[in-house]
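Tertiary structure, described
Here is what each chain is made of, one letter per residue.
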Amino acid sequence: MRTTSPSTVLVTGAAGYIGATLVRRLLADGARVIALDNLERGHAEQLPRDVPLIVGDVRDPDSVRQALGMFDRTPDACIHLAGLIQVGESTLFPQLYHDVNVVGTQVLADLCLEAGVAAFVMASSAAVLRPLQGVGDRLDEDAPVGPESPYGSSKLAGEHTLRAAAQLGRMSTVALRLFNVAGAAYGLAERHDPETHLIPLALRAAAGELPPLHVFGDDFPTPDRTCLRDYVHVRDVVEAFTRAARLAVAQTASGSAEFQVFHVGTGHGTSVNEVIAACELVLGKPVPRVVHGRRPGDVAALVSDPSKLAQVLNIHPDRDLLRMVRDAAATLGLLDG
Ligand code: UDP
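Notes on the structure follow. Bear in mind that the values here come from a model prediction, so they are computed numbers and not experimental data. (Residues numbered from 1 in each chain as written. Predicted model: local features only at pLDDT ≥ 70, side-chain atom pairs only at ≥ 80, totals over all residues. Heavy atoms only, no water.)

This structure, assessed with the given rule, holds one aromatic pair. Residues Tyr97 and Tyr151 carry aromatic rings whose centres are separated by 6.3 Å and whose planes lie at 90 degrees to one another, so their mutual orientation is edge-to-face. Note that Tyr97 is positioned in helix H4 (residues 94–115) and Tyr151 in helix H5 (residues 150–166), a separation of 54 residues in sequence. Taken individually, Tyr97 and Tyr151 each receive the classification buried, so the pair is uniform in this respect. When the ring centre of Tyr186 is taken as reference, the NZ or CZ atom of Arg235 above it lies at 5.1 Å. Stacked on the ring of Phe262, the Lys or Arg Lys308 has its end atom at 4.6 Å from the ring centre. (Phe/Tyr/Trp six-rings, centres within 6.5 Å; stacked < 30°, edge-to-face > 60°. Helix = DSSP H or I, 4+ residues; strand = E, 2+ residues; numbered from the N terminus. Buried < 20%, exposed > 50% of the residue type's maximum accessible area, 1.4 Å probe, protein only. Lys NZ or Arg CZ within 6 Å of the ring centre and 35° of its normal.)

This is the structure in structure tokens:
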């Protein structure tokens, strides 16, 4: 199948960490990009000035229509990153997570279908999966789903929406189940407000910018008793979005619209303690920390089998943990020289 890059792309959640990085990647391909973001958690200054930004919510049909109407003709693809992403927060506010992640995806996908968008790619999550039984296991796309948190449930419901949308045969849809996205590219730092992700928290604790890191649990059934996750560089992640959109556009053009899922990770499990050690190595100073109780919703291990990512999208994430930590530290301004 001939796959060419989508030349016009609506990106939701474009002012977030992954979104702003993806926008740079799409621009490098020569795409015309329109950004849609409600700026509740994103930062407008992360976007290049010449990318039009519609400040609006994906649950609001008028905002979505306005963004779609910014193109001269219907865009080739919509890449949907807008959403709430914190497992712990979702256990406190499950209805909010349903509203933003499920209703938002439904409204957006319906309007994209109505407008004739050929490809719809959504950021899903490893949190839709039933956790691993053995710590050495890797989860492929056929692994059973079974979310443990409202966040995971909301992403799974979003996947169901995309499956149904593709069945109409007019729009190919893709769910990229992201594992733990880390690192930085294009000089864009990972900054969430509040920050909840392990690598920036550990780095900034070591630099004295934040209080000591809470290690969420040291009683998991893993080799060093801390959680295992599959950290993947944001550069590889945005490449996956770009190629998935390309594939979906080609599928729709050839009359074979379908729904596809890909696991986006490296296939390597890394423990919280190993991440801390990498941060200490890169900064040359200790990460102050205290062992805390488990965070609600956290599971012992989530590690991908990225074979399909390699075979179908030709993506082989090979930037290792030290590279991710180094890139994160550099963009946070924590490396000397
Ligand atoms: N984690 C931790 N302390 C923190 C934040 C995270 O121990 O302050 C652990 C968390 O329990 C998980 C891993 O780090 O095992 C990655 O968490 P993060 O929030 O970065 O991503 P998630 O896996 O929730 O998507």
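After that view, the rundown keeps rolling.
All right, on to the environment of Gln167 then. Summarising the element assignment, Gln167 is placed in the loop between H5 and strand E6 (172–178). When the C-alpha positions of Gln167 and Glu258 are compared, they lie 6.8 Å apart, and in sequence the two are 91 residues distant.

The three strands are arranged E12-E9-E14 in an open sheet whose pairing can be described as mixed. Both edges of this open sheet fall to strand E12 (270–271) and strand E14 (301–302), since each of them pairs with a single strand only. Alignment of strand E9 (residues 228–229) against E12, held across two bridges, turns out to be antiparallel. By the bridge assignment for E12, Arg229 is matched with Thr270. (Pairing = 2+ DSSP bridges.)

With respect to spatial proximity, 15 residues lie near the ligand, and among them Leu198, His214, Phe216, Arg295 and Asp298 are the closest. Interatomic distance of 2.6 Å between a backbone N/O atom of His214 and a nitrogen atom of the ligand. Contact distances for the ligand include 3.0 Å between an oxygen atom and a side-chain N or O atom of Arg229. Taken by itself the ligand offers 510 Å² of open surface, and the protein chains cover 89% of this. Element by element, the count of residues in the shell around the ligand is highest for strand E8 (residues 213–216), at four residues. Taken together, the residues that form the shell around the ligand break down as eight nonpolar, four polar and three charged. (Near = heavy atom within 4 Å. Polar contact = N/O pair within 3.5 Å; in protein donor to acceptor, adjacent residues only side chain to side chain. Areas by Shrake-Rupley, 256 points an atom, 1.4 Å probe, with all protein chains shown as cover. Nonpolar A, V, L, I, M, F, W, Y, C, P; charged D, E, K, R; others polar.)

Attention shifts here to the environment of Val128. Within the element layout of this structure, Val128 appears in the loop between strand E5 (119–125) and H5. Taking relative accessible area as the criterion, Val128 reaches 0% and is therefore assigned buried.

Turning our attention to the nonpolar core. Grouped together as the largest cluster of nonpolar side chains are 41 residues, with contacts concentrated most on Val11, Ile18, Ile79, Leu176, Leu178 and Phe241. Per-element accounting of this core gives the leading share, ten residues, to helix H7 (residues 234–253). Those residues in contact with Leu178, other than ones at most four positions away along the chain, are Ile18, Ala123, Ser124, Ser125, Ala126, Val237, Phe241 and Val264. Grouped together as the second largest cluster of nonpolar side chains are 28 residues, Ala189, Ala202, Leu213 and Ala328 included. (Core = buried A, V, L, I, M, F, W, Y, C linked by side-chain atoms within 4.5 Å. Contact = heavy atoms within 4.5 Å.)

Bringing the sheet that holds strand E1 (residues 8–12) into the picture now. Reading across the sheet, the seven strands line up as E3-E2-E1-E4-E5-E6-E11 and stay open at both edges, with parallel pairing between neighbours. Of all strands in the sheet, those bounded by a partner on one side alone are strand E3 (53–55) and strand E11 (259–264). Averaged over all pairs of adjacent strands, the angle between strand axes in this sheet comes to 20 degrees, irrespective of strand direction. Bridge analysis of E5 against E6 gives seven bridges, and the strand direction is parallel. When the sheet's bridge partners are listed, Phe120 is paired in E6 with Thr173. In this fold helix H2 (residues 61–68) packs onto E1, strand E2 (32–37) and E3, with an angle of close to 165 degrees to the strand it touches most, E2. Against the sheet, H5 engages E5, E6 and E11, with an angle of about 160 degrees to E5. (Axes fitted to C-alpha atoms, helices over the stretch in contact; angles between N-to-C directions.)

Next up on the list: helix H8 (residues 272–283). Residue pairs three or four apart in sequence face the same way in an α-helix, which turns once every 3.6 residues. For H8, with twelve residues, the first-to-last C-alpha span of 17 Å sits near the 16 Å given by 1.5 Å per residue. Three or more residues of H8 are buried, namely Val272, Val275, Ile276, Ala278, Cys279, Val282 and Leu283. Within H8, the buried residues cover an arc of 160 degrees as seen down the axis, which keeps them to one side. Residues of H8 that are buried make contact with helix H6 (198–206), E8, strand E10 (231–233), E12, strand E13 (289–292) and helix H10 (321–331). One or two steps after H8, the chain reaches Gly284, where phi turns positive at roughly 70 degrees. (Expected span 1.5 Å × (residues − 1). Arc of directions from axis to C-beta.)

Nothing here speaks to function; it is all geometry.
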